[in-house]
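Structural characterization, general
Okay, here's what each chain looks like letter by letter:
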Amino acid sequence: MFAYYLDLALHSLRRSPVLTSLMVLAIGLGIGASMTMLTVLHVMTRDPLPALSAQLYYPHLDPLPANYPTNNDWGDPSDNFTWPDAMAMLKAHRADQQAAMAGGRVLVWPVQTGRLPFRVGGRYATAGFFDLFGLRFEQGRGWTMADDEARARVAVLSHGLAMQLFGRTDVVGRTVRLGDARFQVMGVTSEWAPQPQFYADAAGKGNYGEADRFFLPLATALDLGMSVSGNQASWKEGGKTSGYYTWLQVWVRLKDAAQVRNYRQFLVDYSAEQKRLGRFERSSQNAALYPLMGWLEHEKLVPGDLRLQLWLALSFLIVCLVNIVALLLAKFLRRSGEVSVRRALGATRRDIFLQFGIESALVGLLGGLLGIAIAQAGLWSVRHRPDSYAHIARMDLSMLALTVLLAIAGSLLAGMLPAWRASRVVPALQLKAQ
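Looking now at the overall build of the protein. Secondary structure summary: the protein contains 14 helices and 12 strands in total. Taken along its principal axes, the extent of the C-alpha atoms in the protein is 100 × 55 × 35 Å. Relative to its 434 residues, the protein shows a buried fraction of 51%. Intrachain contacts of the protein at a sequence separation of at least 6 include 75% that bridge at least 24 residues. Approximately 20400 Å² of the protein is accessible, and the part contributed by carbon and sulfur atoms is 58%. Mean positive and mean negative side-chain charge positions of the protein (44 and 33 charges, respectively) differ by 10 Å.

Shown next, in the form of structure tokens:
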């Protein structure tokens, strides 16, 4: 029976190509615009590290003076750590795995002579960074706490940077020049590019940027005075190791609710202690512990105008569906004579409703395929915008499937009223009129 109704639907659509094209175009435009914005929102809010995100937490302290402004366009300075506070978190060992880190960009000098140096971004971190986030090594390993304490000049390269410099990844023991210093390569990681870069300084507005291409011990980079990217704020004289200069990020991995509860209390107790010592001025209750996804929400990585554009696109889809209701109503009622003959031959109202429902779904399927093409064109235009997130605006399989399903569901919804009206046609009156 389904094949019979499908054949009727195809025949009907071919019989009125202009009307069919208008309906497919309407649903395609509405779905295409909506899916463009839904896809952008989807890639910006998805879990960047699904395998570990449930165990990753960002501690938050508030070392700022009581009158220091926090509602800045560039973010809240207390979202980053001072050097003494970050080191205190690590030395307390309240988490099984933990690391402090900061971003940086350096000039990389090619191994081959005659080539020009180029600038890349990477991460300065304490030992434990690689285990904390589950990075995989193709060659070698990461550095240890002893290397941190010794300010060892060692480096870990990403697969891409190793290939760019040496044309191979088995380069452990080789030397690379980063900035003005030379480092011995300890390891090469597989490509690792979580988006957004949840572990980086979120207020730097670069959390959808390029993946880190090198990793250096944090203390070594500090000793060498290497440049740091992201927001840095200070409220008293002092350098990066003072307690009045926020620039670091700290992440910890906690396995269960008891560890989370204990760590949260540790942050409150630490803040209270610093307040008693006269370092912190604000309430110790400002201390917080954010789960990974909660931290992304706290940082408001999704621009407000993007949500507005999504609502506008969905409104446009509703307008398109309303027009499809009108077009289907006109098309189905124009076939009252055909419906009357089928009813006179024994077709029930359910059969008529089902026949036109399948025709609506077929329009939705064709509109969904057109919507995919329009959404791809829309995402292509988004990728050419200067926004930091533009390069990740790509549609995955789940969004492709959602595009088609949303188009079919929308067409079925729009076709319910016309199909119901058509199924209520009284055959005797129509046949008599003809």
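On the surface, Phe353, Leu413, Met416, Leu417 and Trp420 cluster together into a nonpolar patch covering about 510 Å² of accessible area. If one sorts the elements of the nonpolar patch by residue count, helix H13 (residues 397-423) sits on top with four residues. Along the chain, phenylalanine 353 turns up in helix H12 (residues 349-383). On the accessibility criterion, phenylalanine 353 (32% relative accessible area) is partly exposed.

Here the focus is the pairing of strand S3 (residues 118-125). The buried count for S3 comes to seven of eight residues, which makes it a mostly enclosed element. Judged from the three bridges that link them, S3 and strand S8 (residues 214-217) form a sheet pairing that is parallel. In the strand pairing of S8, arginine 123 is matched with phenylalanine 215.

Bringing the packing of aromatic side chains into the picture now. Under the definition given, this model contains 26 aromatic pairs. For the ring pair tyrosine 58 and tryptophan 251, a centre distance of 5.2 Å and an interplane angle of 65° mean the geometry is edge-to-face. With tyrosine 58 in strand S1 (residues 56-60) and tryptophan 251 in strand S11 (residues 249-253), the pair connects residues that are 193 residues apart, well separated along the chain. The exposure class assigned to tryptophan 251 is buried, which follows from its relative accessible area of 0%. The cationic tip of arginine 177 hangs over the ring face of tryptophan 109; the distance from NZ or CZ to the ring centre is 4.2 Å. The cationic tip of lysine 240 hangs over the ring face of tryptophan 247; the distance from NZ or CZ to the ring centre is 6.0 Å.

What follows concerns the layout of surface pockets. A volume near 500 Å³ is recorded for the largest pocket. In terms of lining, the largest pocket is formed by 19 residues, of which the most central are Met87, Leu90, Thr126, Met145 and Asp148. Contributions of two or more residues to the lining of the largest pocket are made by helix H3 (83-92), strand S2 (97-109), helix H5 (145-149) and helix H7 (218-223). It is H3 that contributes the most residues to the lining of the largest pocket, four residues altogether. Along the lines of polarity and charge, the residues of the lining of the largest pocket split into eight nonpolar, five polar and six charged.

Before going further, it helps to examine the packing of helix H2 (residues 17-45) against H12. H12 packs onto H2 with a crossing angle of 45° between their chain directions and a minimal axis gap of 6 Å. Put simply, H2 runs oblique to H12. When the axes of H2 and H12 are compared, the crossing they make is right-handed. Here H2 contributes Met23, Val24, Leu25, Ile27, Gly28, Leu29, Ile31, Gly32, Met35, Thr36, Thr39 and Val40 to the contact with H12, which in turn contributes Val363, Leu366, Gly367, Leu370, Gly371, Ile374, Ala375, Gly378, Leu379 and Val382. By residue class, the composition of the contact of H2 with H12 is 15 nonpolar, seven polar and no charged.

Attention now goes to the nonpolar core. One finds Phe129, Phe133 and Trp251 to be the most contacted residues of the largest nonpolar core, which totals 124 residues. Broken down by element, this core gets its largest block of residues, 12 residues, from H2.

The next thing to look at is unusual backbone geometry. Leaving glycine out, the prevailing phi sign among residues is negative, and the prevailing peptide bond configuration is trans. With an omega dihedral of 0°, the bond running from glutamine 195 to proline 196 counts as a cis peptide bond. Mapped onto the elements, proline 196 comes out in the loop between strand S7 (181-189) and S8. Unusually for a residue other than glycine, histidine 93 sits at a positive phi of about 50°. Along the chain, histidine 93 turns up in the loop between H3 and S2. Judged by its relative accessible area of 51%, histidine 93 is exposed.

Between helix H1 (residues 2-15) and H12, the shortest axis-to-axis distance is 9 Å and the interhelical angle comes to 60°. On the basis of their axis angle, the class for H1 and H12 is oblique. When the axes of H1 and H12 are compared, the crossing they make is right-handed. Contacts between H1 and H12 involve Phe2, Tyr5, Leu6, Leu8, Ala9, Leu10, Ser12 and Leu13 from the former and Asp351, Leu354, Gln355, Ile358, Glu359, Leu362, Val363 and Leu366 from the latter. Counted by class, the contact of H1 with H12 contains 12 nonpolar, two polar and two charged residues.

Parameters and conventions
- Residues numbered from 1 in each chain as written.
- Predicted model: local features only at pLDDT ≥ 70, side-chain atom pairs only at ≥ 80, totals over all residues.
- Heavy atoms only, no water.
- Helix = DSSP H or I, 4+ residues; strand = E, 2+ residues; numbered from the N terminus.
- Buried < 20%, exposed > 50% of the residue type's maximum accessible area, 1.4 Å probe, protein only.
- Contact = heavy atoms within 4.5 Å.
- Areas by Shrake-Rupley, 256 points an atom, 1.4 Å probe, with all protein chains shown as cover.
- Lys, Arg positive; Asp, Glu negative; His and termini not counted.
- Charge placed at Lys NZ, Arg CZ, Asp CG, Glu CD.
- Patch = residues over 30% accessible without salt bridge, like charges linked within 9 Å, V, L, I, M, F, W, Y side chains within 5 Å.
- Salt bridge = Lys/Arg side-chain N within 4 Å of Asp/Glu carboxyl O.
- Pairing = 2+ DSSP bridges.
- Phe/Tyr/Trp six-rings, centres within 6.5 Å; stacked < 30°, edge-to-face > 60°.
- Lys NZ or Arg CZ within 6 Å of the ring centre and 35° of its normal.
- 1 Å grid on protein atoms, 1.4 Å probe; cavity = no way out; pocket = protein on both sides within 12 Å on 5 of 7 lines; lining within 4 Å.
- Points joined across faces, edges and corners; volume = space filled by probe spheres on them.
- Nonpolar A, V, L, I, M, F, W, Y, C, P; charged D, E, K, R; others polar.
- Axes fitted to C-alpha atoms, helices over the stretch in contact; angles between N-to-C directions.
- Parallel < 35°, antiparallel > 145°, perpendicular 65-115°, else oblique.
- Left-handed = near helix turned anticlockwise from the far one by under 90°.
- Core = buried A, V, L, I, M, F, W, Y, C linked by side-chain atoms within 4.5 Å.

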